Every structure is written in structure tokens, then in C-alpha cells.
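Examination of the molecular architecture
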Protein chains: 2
Amino acid sequence: MTFWKKFFKNADTVDYYANFNSIKEECLFEDVLLIKHLENKGKYADIYISTGKNINLHELEKLCDSVGWVRRPLKKVKIAIDHSFITISLFYKYNNNKKLIGFARATSDTVFNATIWDVVIHPNFQGKGLGRALMDQIILQLRYADISTITLFADPQVVSFYRNIGFITDPDGIKGMFWYPR
Amino acid sequence: MTFWKKFFKNADTVDYYANFNSIKEECLFEDVLLIKHLENKGKYADIYISTGKNINLHELEKLCDSVGWVRRPLKKVKIAIDHSFITISLFYKYNNNKKLIGFARATSDTVFNATIWDVVIHPNFQGKGLGRALMDQIILQLRYADISTITLFADPQVVSFYRNIGFITDPDGIKGMFWYPR
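Residues numbered from 1 in each chain as written. Chains lettered and ligands numbered in written order. Predicted model: local features only at pLDDT ≥ 70, side-chain atom pairs only at ≥ 80, totals over all residues. Heavy atoms only, no water.

Per an unreviewed UniProt entry, chain A goes by the name GCN5-like N-acetyltransferase and belongs to Mastocarpus papillatus.

So, in C-alpha cells, the structure goes:
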């Protein structure tokens, strides 16, 4: 109960926890209302969450631009999304407009291990608990598939964010390692 | 040139480097001779490397048993292999027998990122450079697909092994993180 109430103090009286539970029960869904009337910079918007892969690539590019990521060819981004086990998108809707404000995806062998990549929340919507909602949802989906080892590689500035969600760095001395082309 | 010569001093006069180069050129293959006449415990065997996914699951289970891994349901192992982007197997052949002695696989979005899992060499064949050959081959395959971020999670006792291959721990402070079910 506490989570939604805590993070969305300005939202209206919809019971978010009940809504979240219904999401849990469905578990696979497209465009489910996550928050009604989230206040953002003096405006109110409805926030939707979706596992649909039909993502507008130009919108996704804009979202990644907004956090300063290096641009990647859209054709490749499309292939990466198609070959990701799960994608989660956050939209806000107002006046019949729909805007992508959050995204994350996970690669997986679909049964044992998964790795989460490309977690992004638009700067205008950061600090409102939406990153947490995104991560909760991707973990929920992966757990629904009975995947027990959920991994990611965190930049230094977001390690504490992931720790708060329950991620552990270097458990039992296991080290994340990278190989880059020379 | 040096690698094969260095690691397989007891092998016969086949030019392994030339062989490795032909593997490089083909890049996708099944059952390619890697080493002819590898001496192992007073016997000689031919070692083959393969990207084929038609892996005998009982043999793979035995291989994983040999290094003390927790058993996993074979049905799930099959699904994980089917949903891995690349699998690499090492066999040794003698007297028309073929035995699985090494294995590794990688999950991937097929264009940007990959994560290597389940790297295993049978204890009787460890210390002969076969782990390195396995890793070289999986990196080669991933590079062939133009994947630039190759990752893995290394147990403490194998961190130096992966370092020697060129893997880096925590580059730019990036931390590998795990989430486990509570």
C-alpha cells in the first residue's frame, strides 16, 4: 500500500495499490493505467505502463536524447527490442496526446537468467517514483516467467537507486565484467 | 600463432593457427577440428569445437555435475539453450566416441549487448587452454554479429582468468548487480 501513496502524494483518490494488484494478476498487459492525475510541473497527467513492443522508435530516441545517451541506429534499436524478452514502457496521456516518458528492457534465456538494459526516465518525470515503478514491473514480469537470477550493470550514480529496490552488488564476490573491442 | 603453440605443446604438427584462421573466416560452423592429438592423461584425443545447438542434455548435465553445479531441470536447460544467442561446445573424439568436455552460452539482443553464462570445462581437461579457446570463440562469434558490449558475471576464483582474456571489472565504476527472489 505504502509505495504508491508515498510516491504520488498529489495523485487523486484512485486506489493505486488495488490497481497494481490487478496488474499483478494479469501480469501480461498493454497500456494499463498506473497513476491517474500525476501532478507534474503544475499540470496533471495520467501515467500508463505497457509491455507492448510496438514502440515508436523516434519517441524512444527522443527519450534517450533527453538523458544524453549516445544515439544508436534505429534499425538496430528495433532489432534489439524484438530480441529482448521483455520491454516496459511508461507513457503519459493528456488531451488525447500520448508521450513516452520511461523505458526499460531485459534480455533473457527465458527460464534462468535475465539482464536489464536501457533503463530511462525522462528528466521532467524523475524523482516521482516512476523509475521504481518501471523496475518493479520488469522484476514482476521476470518473476512471472520464474526467472531467478535478475541482473544489470549500474552506472555509479544509480547504484544506490538499484540497492533500494533490492539489487545487490558483487554477491559472494561475483564480479560484473566487460569486454570491449580493441 | 603463439596461443595454440603455447597451450598445446604436446599436440602434433597441425598448424592450429591456420586452422583457427579458417574458423574465423567461416565464423559459423559445426564440429570444426580445434586440436589434433591433444595429450590428456597419457592418451591422445582430437578436440572439436561447435556452435551447434543440438546438444545432448544428459551429457551437458554430466559435465555440469563434474564441476559441482546445482542440477537444473533438463527441460528448462533445453529452453535456455534454444533462447541463447550463441552456444559453444567442445568435444573430444577418440575411437569413434565423442564426449562433451566444454560449454558456454550467451544471451543477447543480437545487436548491442551480450551476457555470457554457464562457462564450463571438464576438470580432466582444465589447465590446457581449452577455457581460453572456448572464450575466444564465443567472443569471435559475438564480434561477428557486431556486438560491442560483451559482459559476464565471474565468480571470484575465475576473475583473473577472464582478466587475462581482456575482460575488465567495473569499468568507469559500473557495477554488476543481482536481484534474487526473497
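That was the structure; now back to the text.
The next point concerns the interface of chain B and chain A. Contact with chain B, which involves 50 residues of that partner, is made by 50 residues of chain A. Across the chain B to chain A interface the summed buried area is about 4700 Å²; carbon plus sulfur atoms make up 65%. Three residues stand out in chain B for area buried against chain A, namely B:F112, B:M177 and B:W179, and they jointly supply 19% of the buried area on that side. Applying the counting criterion to the chain B and chain A interface returns six salt bridges. In this structure, A:D170 and B:K175 form a salt bridge, with 2.9 Å as the shortest nitrogen-oxygen distance. Taken together, the connections running from chain B to chain A amount to 16 residue pairs in polar contact (both at pLDDT 80 or more). (Contact = heavy atoms within 4.5 Å. Buried area = accessible area lost by both parts, 1.4 Å probe. Salt bridge = Lys/Arg side-chain N within 4 Å of Asp/Glu carboxyl O. Polar contact = N/O pair within 3.5 Å; in protein donor to acceptor, adjacent residues only side chain to side chain.)

Turning next to the pattern of salt bridges. All told, the structure shown has 22 salt bridges over all chains when counted by the stated rule. Between A:D136 and A:R132 there is a salt bridge, with the nearest N and O atoms lying 3.5 Å from each other. Of this pair, A:D136 and A:R132 are both found in helix α5 (residues 130-144), four residues apart, which corresponds to roughly one turn of the helix. With relative accessibility at 27%, the residue A:R132 sits in the partly exposed group. Of the charged contacts in the structure, one is a salt bridge between B:R71 and B:D65, with a shortest N-O distance of 2.5 Å. A residue is classified by how much of its surface remains accessible, and B:D65, at 32% relative accessible area, is partly exposed. (Helix = DSSP H or I, 4+ residues; strand = E, 2+ residues; numbered from the N terminus. Buried < 20%, exposed > 50% of the residue type's maximum accessible area, 1.4 Å probe, protein only.)

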